[in-house]
Structures are given as structure tokens and as C-alpha cells.
Amino acid sequence: QVQLVESGGGLVEFGGSLRLSCVASENIFMFNSMAWYRQAPGQERELVARINLAGITNYAASMEDRFTIFRDGAKKAVYLQMNSLKSEDTAVYYCNANVLPKQYWGQGTQVTVSS
């Protein structure tokens, strides 16, 4: 069973930065893609950023100029660097790994941006 463990969330001021980490129990290159999603209270879970096996990344439009997803295969980790954080970025952030047809999720890490 694949396990994903997120860390790095917390309370940050408006305009600040955070880096989220997701460490997998398996070699991350066995996944078709890895991604970060987020879910704010009362909202549906939404895609933040994805990186595929070839290293190609894609982002939600509202985050493309502020967030960066990258990986370190040796550490079995994928990261989300978040800059210029806004109040609307407040959410639980989830790591996702995709090995079709299966998907795996981490437990989530809370990010709270104070105004």
C-alpha cells in the first residue's frame, strides 16, 4: 500500500511563503503523476499543481505565477513552493499519486494565511 506523508503546512502572513513536502513510501517514478490538491471549508477539492513522469508540470490558472511543484527522486518526495500567499489560499493541501487506475492520497496539511 502506497503511503504519502505531507508536511510543511502552518500559519503564514499574507504575502508570505511556505514549502510543502510529500514523502512517498515508494519510488516516485512508479507513479504516472504526482500532484497537490487543496480543499477549503465548504469547497470542493481542487487541483493546485501536477508533475508527470516526464517532469512536465501544470498548474491551476490562479496559482501558476506563485506556486512551483518540483520533485526529488532520491528523497521520494514532491514539493510545493508557495509564494505571495493570499487569504484565499487557506485550505487543507493534499498530496496525490496516480498509478492508473489507482490513486493515493495523503492525510493533508493545513495552510492558513492570515490577513
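Residues numbered from 1 in each chain as written. Predicted model: local features only at pLDDT ≥ 70, side-chain atom pairs only at ≥ 80, totals over all residues. Heavy atoms only, no water.

Draft legend 1. How the structure looks around the environment of Asp 89. Mapped onto the elements, Asp 89 comes out in the loop between strand E8 (77-82) and strand E9 (91-99). Sequence-wise, Asp 89 and Glu 26 are 63 residues apart; in three dimensions their C-alpha atoms are separated by 29 Å. Residues within four places of Asp 89 in sequence aside, it is in contact with Arg 38, Arg 66, Phe 67, Ser 84, Val 111 and Val 113. Among the polar contacts made by the side chain of Asp 89, one reaches the side chain of Arg 38 at a distance of 2.8 Å. Within the local environment of Asp 89, its side chain forms a polar contact with the backbone nitrogen of Lys 86, the two atoms lying 2.8 Å apart. (Helix = DSSP H or I, 4+ residues; strand = E, 2+ residues; numbered from the N terminus. Contact = heavy atoms within 4.5 Å. Polar contact = N/O pair within 3.5 Å; in protein donor to acceptor, adjacent residues only side chain to side chain.)

Draft legend 2. Here's a closer look at empty space enclosed by the protein. For the structure shown, the criterion picks out one cavity of 30 Å³ or more. Empty space within the largest cavity amounts to approximately 60 Å³. As for the largest cavity, its lining consists of Ile 28, Phe 31, Asn 32, Ser 33, Met 34, Ile 51, Asn 52, Leu 53, Arg 71 and Val 78. Taken together, the elements giving at least two residues each to the lining of the largest cavity come down to strand E4 (33-39) and strand E5 (46-52). Here the residues of the lining of the largest cavity are counted per class, giving six nonpolar, three polar and one charged. (1 Å grid on protein atoms, 1.4 Å probe; cavity = no way out; pocket = protein on both sides within 12 Å on 5 of 7 lines; lining within 4 Å. Points joined across faces, edges and corners; volume = space filled by probe spheres on them. Nonpolar A, V, L, I, M, F, W, Y, C, P; charged D, E, K, R; others polar.)

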